[in-house]
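Report on the structure
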Amino acid sequence: MSELREDVEDQCRQYGMMTGIAIDEQQLLVLVRYSTEEEAVTCMKALDGRLFDGRKLAAELAKEEKEKPEEDLLDSCKSKARKVADRVKSKHRNGKKKK
């Protein structure tokens, strides 16, 4: 198990029973599934904006991932990473145009 995965599990375990985890280490994106939405919301609220290994976390609820089988979580994680990267690039481009 990677050090990142161990750190994420240790941190997220505090907020409820995790039923799935997927990590795209290249994009540094993590999907964590909990047994209840309440646990997921608690984790999201606790971790959003906090520093983790020197990086600011951005946590959001991904309800569409709830019903996916465990083996599909990594594919979902990679897809989500691409969407987040595209959103960040778009914001960056739009910010430059306004100057």
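Please read all numbers here as calculations on a predicted model, not as lab measurements.

Topic: the overall build of the protein
In terms of helices and strands, the protein carries 3 helices and 4 strands. Looking at the protein residue by residue over its 99 residues, the buried ones come to 28%. Contacts in the protein between residues far apart in sequence, at least 24 positions, make up 46% of those at least 6 positions apart. Accessible area of the protein: about 7200 Å², with a carbon and sulfur share of 48%.

Points about the pairing of strand β2 (residues 29-34)
The sheet contact formed by strand β1 (residues 18-24) and β2 spans 6 bridges and is antiparallel. Note on β2: the bridge partner recorded for I21 is V32. The hairpin turn running from β1 into β2, its antiparallel successor, is 4 residues long, and L28 in that turn takes a positive phi close to 55°.

What counts and what doesn't
- Residues numbered from 1 in each chain as written.
- Predicted model: local features only at pLDDT ≥ 70, side-chain atom pairs only at ≥ 80, totals over all residues.
- Heavy atoms only, no water.
- Helix = DSSP H or I, 4+ residues; strand = E, 2+ residues; numbered from the N terminus.
- Buried < 20%, exposed > 50% of the residue type's maximum accessible area, 1.4 Å probe, protein only.
- Contact = heavy atoms within 4.5 Å.
- Areas by Shrake-Rupley, 256 points an atom, 1.4 Å probe, with all protein chains shown as cover.
- Pairing = 2+ DSSP bridges.

Note that every value here comes from positions in space, so none of it alone points to a role or purpose.
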